[in-house]
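Close look at the chain arrangement
Spelled out, the chains give:
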Amino acid sequence: MIKLFVNIDHVATVREARKTYEPDPLEAAIIAEKAGAYGITAHLREDRRHVQDNDIRRLKDQITTPLNLEMAAVDEMVEIAIATKPFQVSIVPENRQEITTEGGLNIMEQEDHLIEVGYQLKERDILFSLFIDPDAHQVKAANRVKADSIELNTGPYSESSSIDANAQHLAQLRKAAVQAHELGLRVFAGHGLTIGNVPAIIHNVPWIEELNIGHHIVSRSIYVGIDQSVRDMINCIQGKII
């Protein structure tokens, strides 16, 4: 069964709008756990626009499910990961001007560096994952740098508005997932996923073990609450009618 990691970044986004203490990402994470989330994802950006260093420390100390720390492959973040020791680190690209992550890593531009980052993490029993576009060259590069897993960028699929484009993106995701599995990489997926577009991912892309979903769950929680929003997504992943 595909597992759900709930990304709590945008709970912190609301808090940081007023630089106050609420809503608390940790409280949201605990509710998500109780609702059935397999794990919690948090992206500690270099610009600290939402999640803060103390959020990561509190999450690691107080949640009972695996913590997936998303971060850029820079020395500062590697040091934080080593000190915090999350269950998994997912390396993502960062652009200070972006509203959200705009695409996957270009592994081939930094293979030696990613090998070193991966070594430092895996030496401390932290799983090493890379967020990439569904591209054959990037999948091969992920294998070369000895990643444990890849997270396929579903952003273009999620944003597609035509049937033909939708089918094309699903085909690309499927091909990349099969290739990664054949190379021995675990396969995750995420970015822009919703209750409306997850079923097609489930039915068309094999070997996916985990989905990382945040914005949609947090957005729906305004209307139905975190607990119900997480439960609805889990039911969607399990093919139940919502």
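Provided above is the structure to which this section pertains.
Let us look at the structure shown here.

What counts and what doesn't
- Residues numbered from 1 in each chain as written.
- Predicted model: local features only at pLDDT ≥ 70, side-chain atom pairs only at ≥ 80, totals over all residues.
- Heavy atoms only, no water.
- 1 Å grid on protein atoms, 1.4 Å probe; cavity = no way out; pocket = protein on both sides within 12 Å on 5 of 7 lines; lining within 4 Å.
- Points joined across faces, edges and corners; volume = space filled by probe spheres on them.
- Helix = DSSP H or I, 4+ residues; strand = E, 2+ residues; numbered from the N terminus.
- Nonpolar A, V, L, I, M, F, W, Y, C, P; charged D, E, K, R; others polar.
- Buried < 20%, exposed > 50% of the residue type's maximum accessible area, 1.4 Å probe, protein only.
- Arc of directions from axis to C-beta.
- Contact = heavy atoms within 4.5 Å.
- Polar contact = N/O pair within 3.5 Å; in protein donor to acceptor, adjacent residues only side chain to side chain.
- Core = buried A, V, L, I, M, F, W, Y, C linked by side-chain atoms within 4.5 Å.
- Phe/Tyr/Trp six-rings, centres within 6.5 Å; stacked < 30°, edge-to-face > 60°.

Taken as a whole, the second largest pocket spans an internal volume of roughly 220 Å³. Along the walls of the second largest pocket sit 15 residues, with Val-11, Pro-23, Val-218, Ser-221 and Ile-226 positioned nearest its centre. Sorting the residues of the lining of the second largest pocket by element identifies α1 (9–16), α2 (25–34) and α10 (215–224) as the ones contributing at least two each. For the lining of the second largest pocket, the element with the most residues is α10, which contributes five residues. Class assignment of the residues belonging to the lining of the second largest pocket gives a composition of eight nonpolar, four polar and three charged.

So, about α2. The set of residues buried in α2 consists of Pro-25, Leu-26, Ala-28, Ala-29, Ala-32 and Glu-33. Buried positions in α2, seen along its axis, are confined to an arc of 160° and lie on one side of it. Exposed and oriented more than 90 degrees from the buried face of α2 are Glu-27 and Lys-34. Where α2 is buried, its residues touch β1 (3–7), α1, β2 (39–43), α3 (53–62) and α11 (226–237). Gly-36 sits one or two residues past α2 and shows a positive phi near 115°.

Checked against the element boundaries, His-50 lands in the loop between β2 and α3. In contact with His-50, other than residues within four places in its own chain, are Asp-9, Ala-12, Thr-13, Arg-15, Glu-16, His-43, Arg-45 and Asp-55.

A separate point is the side chain of Ser-149. The residue Ser-149 is located in strand β6 (residues 149–153) in this model. Polar contacts involving the side chain of Ser-149 include one to the side chain of Ser-129, which spans 2.8 Å. In this structure Ser-149 touches Gln-88, Phe-128, Ser-129, Leu-130, Leu-185, Arg-186 and Phe-188, once residues within four positions along its chain are discounted.

We now examine the nonpolar core. Counting 70 residues, the largest nonpolar core has Ile-91, Leu-130, Leu-211 and Val-230 as the members making the most contacts within it. Of all the elements, α11 adds the most residues to this core, at six residues. With residues up to four places along the chain from it excluded, the contact list for Leu-211 reads Ile-2, Lys-3, Leu-4, Phe-5, Ala-189, Leu-193, Val-198, Ile-201, Ile-202 and Ile-237.

Under the defined criterion, the tally for this structure stands at one aromatic pair. Measuring from ring centre to ring centre gives 5.7 Å for Phe-5 and Tyr-38, while their planes differ by 55°; the resulting arrangement is tilted. Here Tyr-38 lies in the loop between α2 and β2 and Phe-5 lies in strand β1, a separation of 33 residues in the sequence. The exposure class of Tyr-38 is partly exposed, given its relative accessible area of 34%.

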